[in-house]
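Structural characterization, general
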Amino acid sequence: MIKKRLALSCLLLLLACGAAHGESGGLGQQVLAETNAARQNPQRYAEYIREFRKSFIGKAYRLPGTLNMVMTSEGKGALDEAVRFLSRQRPLPALSWSPGLAMAAADLVREQAASGETGHGERGDTKKRIEEYGSWRSSLGENISYGPETARQVVMGLIIDDGVADRGHRKNIFDRSFTTAGAACGPHPLYRTICVTDFAGGFQGR
């Protein structure tokens with residue numbers, strides 16, 4: 001069965017200051033490494049979220065080392081639900097790095113860095129964008145994060161999935177059918193940083 005799941009995460013930054021930064025070169029690979037850390041040891045990742053919870057004031061949390069606050073939709077409840085999920089989740093194999101999927105992710109990053117748009121592309125056609133770089137097997141998914149600027153912030157945000165009713169980002173991260181992925185990050189004119197991760201059950205580059 002072919003399965004496709006798309007999801008995006010957007011956190012509202014309040015009182016944020018400073019210019020958007022450019023792609024760090026390795027941030028996409030760091031995001032995949034952090035995703036694999038969560039897949040391979042979900043109970044340890046639950047501890048990271050418990051620690052993150054301490055920075056909340058009401059439904060907002062303070063960015064480390066700053067006075068800037070980030071407003072969430074659900075507040076601590078979403079974190080508590082994520083911790084319960086991780087506590088029950090069995091470890092999964094690591095995802096291999098796919099250069100082709102990373103290039104597909106980078107295309108969307110470049111497009112939205114220029115346009116300021118959000119979502120899965122001008123036509124929402126993730127499948128077409130990925131197939132420009134090769135062929136995929138069995139399952140396909142895409143996560144998009146807006147705002148967080150470190151790999152851990154990106155992956156924690158996607159696992160918590162604040163305001164996303166079906167927790168689609170989390171499902172992608174812990175989908176056993178996915179075996180490979182590629183990621184890319186860069187500046188976004190509205191949300192400072194965008195990170196895109198494309199997943200597949202298998203991928204053969206051109």
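Presented here is an overview of the structure given in this document. (Residues numbered from 1 in each chain as written. Predicted model: local features only at pLDDT ≥ 70, side-chain atom pairs only at ≥ 80, totals over all residues. Heavy atoms only, no water.)

For S138, which is not glycine, the phi torsion reads 65 degrees and is therefore positive. Within the fold, S138 resides in the loop between β7 (134–136) and β8 (139–146). You can call S138 partly exposed: its relative accessible area is 36%. Despite not being glycine, R192 has its phi angle at roughly 70 degrees, a positive value. Its location among the elements puts R192 in strand β10 (residues 192–200). The class of R192 is buried, set by a relative accessible area of 18%. (Helix = DSSP H or I, 4+ residues; strand = E, 2+ residues; numbered from the N terminus. Buried < 20%, exposed > 50% of the residue type's maximum accessible area, 1.4 Å probe, protein only.)

The next subject is the side chain of Q89. Looking at where Q89 falls in the secondary structure, it is placed in the loop between α3 (76–88) and β6 (96–97). The contact partners of Q89, leaving out residues within four places of it in the chain, are P42, Q43 and F174. (Contact = heavy atoms within 4.5 Å.)

For the structure on display, the rule yields 12 salt bridges. Among the salt bridges present, the one from K127 reaches E131, with a minimum N-O distance of 3.2 Å. You can see K127 and its partner E131 sitting in helix α5 (residues 126–131), four residues apart, about one turn around the helix. For E149, the salt bridge is made with R192, and the minimal N-O distance between the two is 2.8 Å. One end of the pair, E149, is in the loop between β8 and α6 (151–160); the other, R192, is in strand β10, and 43 residues separate them in sequence. The class for E149 is partly exposed, based on a relative accessible area of 28%. Through salt bridges with shared partners, a single ionic network connects E74, E81, R167 and R170. (Salt bridge = Lys/Arg side-chain N within 4 Å of Asp/Glu carboxyl O.)

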